[in-house]
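Chain and residue survey
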Amino acid sequence: MWRQAKWDEPLIMEYKGNGGRIGTLIPHEKEIEIKLRIPERLKRSKEPEIPELSELEVVRHFIRLSQMSFGVDTGFMPLGSCTMKYNPKVEEKTSELVSEYHPLQDFDTVQGILEMIYEMQNMLAEITGMDQCSLQVPAGAAGELAGVLMIKKYHEDKNRKNRDEMLVADSAHGTNPASAAMAGYKVIYIRTNKDGLVDIDVLREVTSEKTVGFMLTNPNTLGLFESDILEISKILHRVDAKLYYDGANLNGILGVVRPGDMGFDVVHLNLHKTFGVPHGGGGPGAGAICAKGEMVDYLPYPLVQKKDGKFTLDYIPSKSIGKIATFYGNIANVVRAYSYILGLGSKGISMIGKLSTLATNYLISKLKGVRGLSLPYSDRPRKHEVVFSAKQLLNETGISANDIAKTLLDRGFYAPTIYFPPNVEEALMIEPTETEPKEVLDKYADAIRQIVEEAYKNPQLLLNSPSNTSVGRIDQVTANHPSSVTPTYRVYRLRSEGKISILK
Ligand SMILES: *Cc1c(COP(=O)(O)O)cnc(C)c1O
């Protein structure tokens, strides 16, 4: 089993080195003639305290750091809602091609990259069933904010001053209500019904002339397909409210159905989830915001257009909300997604939804009936992900979803997403993606089974895991910045104790 390096093994950089050691690739300062004269006032007053180490020592330091981490390249990472699929290495090679461009370069000198953006705009529109996509947004949440601002401007243009209610599914990703609130809207949560789907009766009751839109993802966060989506679309459109698609969950339906055909008006995509761009750790992402019909006029600018056989980055939709990012600074990630799409071709792309759905349901078949775990809401097949509940296990053994997650780390797997979505108690949200081999899914299911068996036999053993990782069990709250996390934590605690309800 692959095992992480431990923190208690000494880190080379922790000692200062033996004064005078130096990497060999750069000539010693004294050996080169220094032509550049740096003004005295710009020079540092004292030598910085940095370690003096040989190249070998530095390499060992960074390789060691990489071994303390976990990624898709080292093991299975079924982090629900995050679509941690394998990132083909050809993407890295192609992304290097754009490392030397400047955003203010003349259009004539960057025709290739403009053509790529143009093709991406079109391919993503085709994939989503929308009319036009803009690659202005650097992440999913930025896409949501752009989409909500587009909806806001649409209603403002119609002089609807007292519309201020954005509907959000109660299982939605936290960025949905956050984006709506940032745009100045009241957030109204729509309950999930007993089948795990949007409660249509509640939706009908709540939708009114005050509704600006409904932010939804389909399949939803439980991995269930909202089969009433056409009816949902009708309810919203009857009052000219807009249907917004959180496309971070596109993986489960990619190549099978399209948001544009389900009645969605605005869609954001996460290129760094669905389209194979590496992500995690807060690194740069890439998004797209797509629109249909009259909403196209509100897309953020500039988009690439083709005029007389030439590509220009100067298409400004007539009612555009403006720019979301100053430049396409994250263009390397768009190149990665572009090579991912081209690499798979339309045939490969159309297999993603089917294979990721197959992987999820295979895992379900292996885990269904495991004592202590339940599959809440419905027995229907899931799409890209599945949410199990470990509530019974907690009640019977004292072992929580958190303990299962930590023990999985010990067995060389990444943990699933836990305690999300909020409408499942002791949630374990597993998203296997289409890229994992069957053998890995088998091993993962076996590991969960064994952990659960252990919980009934010897729960004490699980409480201190992980012990095989570089960092052991940490305090969930203080591990984050205490001052920033405490209010949220308090809300979660009060809610889990049944003292408050955020549902409106
Ligand atoms: C990841 C995710 C987002 C936010 O995307 P970022 O690129 O992280 O801002 C929104 N909705 C869902 C369902 C997601 O999984």
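It should be noted that the structure appears before, not after, this text.
These remarks concern the structure in this document. Bear in mind the structure is a predicted one, so any value in this text is a computation, not a measurement.

**Some details on the overall build of the chain**
The helix and strand inventory of the chain stands at 13 helices and 12 strands. Every one of the 504 residues in the chain was classed for burial, and the buried ones make up 49%. Of the roughly 24900 Å² of accessible surface on the chain, 54% is carried by carbon and sulfur atoms.

**Section: the nonpolar core**
If you look at the biggest cluster of nonpolar residues, it comprises 56 residues, and the most contacted ones within it are Leu124, Phe214, Ile232, Leu271 and Phe275. In terms of residues, this core owes the most to one element, helix α9 (residues 331-367), which gives 9 residues. Counting 28 residues, the second-largest nonpolar core is a separate cluster that includes Phe76, Leu373, Ala401 and Ala447.

**Observations regarding the state of the cysteines**
What the rule picks out here adds up to 1 disulfide. The disulfide partner of Cys133 is Cys290, and the gap between their sulfur atoms is 2.2 Å. Negative torsions about the S-S bond denote left-handed disulfides, and the value of about 100° found for Cys133 with Cys290 makes this one right-handed. Of this pair, Cys133 sits in strand β1 (residues 132-134) while Cys290 sits in strand β7 (residues 287-291), and the two are 157 residues apart along the sequence. Pair check on accessibility: Cys133 and Cys290 agree, each one buried.

**Some details on the sheet that holds strand β12 (residues 427-430)**
In spatial order, the strands read β10-β12-β11; together these 3 strands make up an open sheet with antiparallel pairing. The open sheet terminates on both sides in strands that have one partner only, identified here as β10 (386-389) and β11 (417-418). Sheet topology note: the β10/β12 ladder contains 4 bridges and is antiparallel. Across the sheet, Val386 pairs through a bridge with Ile430, a residue of β12.

**A word on the site of the ligand**
Around the ligand, a shell composed of 13 residues is seen, among which Ser81, Gly140, Asp246, His272 and Lys273 lie nearest. Note that a nitrogen atom of the ligand is positioned 2.6 Å from one of the side-chain N or O atoms of Asp246. Take Lys273: an N or O atom from its side chain is 2.7 Å from an oxygen atom of the ligand. Across the complex, the protein chains shield 86% of the 380 Å² of accessible surface that the ligand would expose by itself. Here the shell around the ligand takes 3 residues from helix α4 (residues 140-157), the largest share from any one element. Grouping the constituent residues of the shell around the ligand by class yields 3 nonpolar, 7 polar and 3 charged.

**Here we look at the side chain of Thr211**
With respect to the helices and strands, Thr211 occurs in strand β4 (residues 211-216). A polar contact of 2.8 Å, which involves the side chain of Thr211, links it to the backbone nitrogen of Ser208. The residues touching Thr211, leaving out its near neighbours within four places in the chain, are Arg163, Glu165, Leu167, Val206, Leu236 and Ala241.

**Thoughts on helix α3 (residues 111-128)**
End to end, α3 covers 26 Å across 18 residues, agreeing with the expected 26 Å (1.5 Å per residue, within 8%). All of the buried residues along α3 are Gln111, Ile113, Leu114, Met116, Ile117, Met120, Gln121, Leu124, Ala125, Ile127 and Thr128. Gly129 sits one or two positions beyond α3 and adopts a positive phi of about 75°.

**Here's the deal with the pattern of salt bridges**
Scanning the model with the defined rule gives 23 salt bridges in all. The salt bridge partner of Asp403 is Arg473, with a shortest N-O separation of 2.9 Å. One end of the pair, Asp403, is in helix α11 (residues 401-410); the other, Arg473, is in the loop between α12 (438-457) and α13 (482-496), and 70 residues separate them in sequence. By relative accessible area, which is 5% here, Asp403 ends up buried. When its relative accessible area of 30% is taken as the criterion, Arg473 is described as partly exposed. Salt bridges linked by common partners bring Arg160, Asp240, Lys242 and Glu294 together as one network.

**What to know about the packing of α11 against α12**
At their nearest, the axes of α11 and α12 sit 10 Å apart, and the two run at 125° to each other. The angle between α11 and α12 falls in the class oblique. Between α11 and α12 lies a crossing whose hand is right-handed. For the pair formed by α11 and α12, the contact residues are Ile404, Thr407 and Leu408 on the first element and Tyr444, Ala447, Ile448 and Ile451 on the second. Split into classes, the residues belonging to the contact of α11 with α12 amount to 6 nonpolar, 1 polar and no charged.

**Looking at the packing of aromatic side chains**
Across all of its chains, the model carries 7 aromatic pairs by this definition. Here the aromatic rings of Phe76 and Tyr444 are separated by 4.8 Å at their centres, their planes lie at 90°, and the arrangement is edge-to-face. Linking Phe76 in the loop between α1 (55-67) and α2 (90-95) with Tyr444 in helix α12, this pair joins segments that are 368 residues apart in sequence. With respect to class, Phe76 is no different from Tyr444; both count as buried. Ring centres 4.8 Å apart and planes at 75° place the aromatic pair Tyr245 and Phe264 in the edge-to-face group. Of this pair, Tyr245 sits in strand β5 (residues 242-246) while Phe264 sits in the loop between α8 (259-262) and β6 (266-270), placing them 19 residues apart in sequence. Accessibility classification places Tyr245 together with Phe264 in one group, the buried group.

**Details of the environment of Ile235**
Secondary-structure assignment places Ile235 in helix α7 (residues 229-238). The spatial distance from the C-alpha of Ile235 to the C-alpha of Glu205 is 9.9 Å, given a sequence separation of 30 residues. Filtering out sequence-adjacent residues up to four positions away, Ile235 remains in contact with Ile200, Leu203, Arg204 and Thr207.

Definitions and cut-offs
- Residues numbered from 1 in each chain as written.
- Predicted model: local features only at pLDDT ≥ 70, side-chain atom pairs only at ≥ 80, totals over all residues.
- Heavy atoms only, no water.
- Helix = DSSP H or I, 4+ residues; strand = E, 2+ residues; numbered from the N terminus.
- Buried < 20%, exposed > 50% of the residue type's maximum accessible area, 1.4 Å probe, protein only.
- Areas by Shrake-Rupley, 256 points an atom, 1.4 Å probe, with all protein chains shown as cover.
- Core = buried A, V, L, I, M, F, W, Y, C linked by side-chain atoms within 4.5 Å.
- Disulfide = S-S within 2.5 Å.
- Pairing = 2+ DSSP bridges.
- Near = heavy atom within 4 Å.
- Polar contact = N/O pair within 3.5 Å; in protein donor to acceptor, adjacent residues only side chain to side chain.
- Nonpolar A, V, L, I, M, F, W, Y, C, P; charged D, E, K, R; others polar.
- Contact = heavy atoms within 4.5 Å.
- Expected span 1.5 Å × (residues − 1).
- Salt bridge = Lys/Arg side-chain N within 4 Å of Asp/Glu carboxyl O.
- Axes fitted to C-alpha atoms, helices over the stretch in contact; angles between N-to-C directions.
- Parallel < 35°, antiparallel > 145°, perpendicular 65-115°, else oblique.
- Left-handed = near helix turned anticlockwise from the far one by under 90°.
- Phe/Tyr/Trp six-rings, centres within 6.5 Å; stacked < 30°, edge-to-face > 60°.

Worth remembering: the numbers are spatial, not functional.
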